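# Observations on the model geometry
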Amino acid sequence: MRVNYKRQIAKAITFRIIGTIDTILVSWFITGSFKVGAILGGIEVVTKIILYFFHERVWDKYIKYGLE
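A brief look at the structure comes next. Quick caveat, the model's predicted, so the values are computed rather than measured.

Each helix and strand counted, the protein chain has two helices and zero strands in total. Against the 2.2 N^0.38 benchmark of 11 Å for 68 residues, the protein chain shows a C-alpha radius of gyration of 16 Å, more extended than a compact globule. When its C-alpha atoms are laid out on the principal axes, the protein chain stretches across 50 × 25 × 15 Å. Out of the 68 residues belonging to the protein chain, those deemed buried represent 13%. Total accessible area on the protein chain stands at roughly 6,400 Å², and carbon and sulfur atoms take up 71% of it. The averaged location of the 5 negative side-chain charges in the protein chain is 6 Å from the averaged location of its 10 positive side-chain charges.

We now examine the layout of surface pockets. The space that makes up the largest pocket amounts to roughly 320 Å³. Taken together, Gln8, Ile9, Ala12, Ile13, Phe15, Arg16, Lys48, Ile49, Tyr52 and Phe53 make up the lining of the largest pocket. Taken together, the elements giving at least two residues each to the lining of the largest pocket come down to helix H1 (5–31) and helix H2 (34–62). Per element, the largest residue contribution to the lining of the largest pocket is six residues, and it comes from H1.

So, on to the side chain of Thr20. Mapped onto the elements of the fold, Thr20 is located in helix H1. Polar contacts involving the side chain of Thr20 include one to the side chain of Glu44, which spans 3.1 Å. If sequence neighbours within four positions are ignored, Thr20 has contacts with Gly41, Glu44 and Val45.

Analysis parameters
Residues numbered from 1 in each chain as written. Predicted model: local features only at pLDDT ≥ 70, side-chain atom pairs only at ≥ 80, totals over all residues. Heavy atoms only, no water. Helix = DSSP H or I, 4+ residues; strand = E, 2+ residues; numbered from the N terminus. Rg over C-alpha atoms; globule rule 2.2 N^0.38 Å. Buried < 20%, exposed > 50% of the residue type's maximum accessible area, 1.4 Å probe, protein only. Areas by Shrake-Rupley, 256 points an atom, 1.4 Å probe, with all protein chains shown as cover. Lys, Arg positive; Asp, Glu negative; His and termini not counted. Charge placed at Lys NZ, Arg CZ, Asp CG, Glu CD. 1 Å grid on protein atoms, 1.4 Å probe; cavity = no way out; pocket = protein on both sides within 12 Å on 5 of 7 lines; lining within 4 Å. Points joined across faces, edges and corners; volume = space filled by probe spheres on them. Polar contact = N/O pair within 3.5 Å; in protein donor to acceptor, adjacent residues only side chain to side chain. Contact = heavy atoms within 4.5 Å.

This is the structure in structure tokens:
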């Protein structure tokens, strides 16, 4: 079975949406403020995209685990 890149992009986007919703809800629960939760969710979505980009770069360049 071949993996279509469009499928991988869709999975990454939907996973990020789920993760951000989770952050908003947890932050809202902890702080009691939906506004604070939404702000933290907004910050989190940007930082996680940046972190993921660099994480992928490191794995592609330096980590050979699982490659044949």
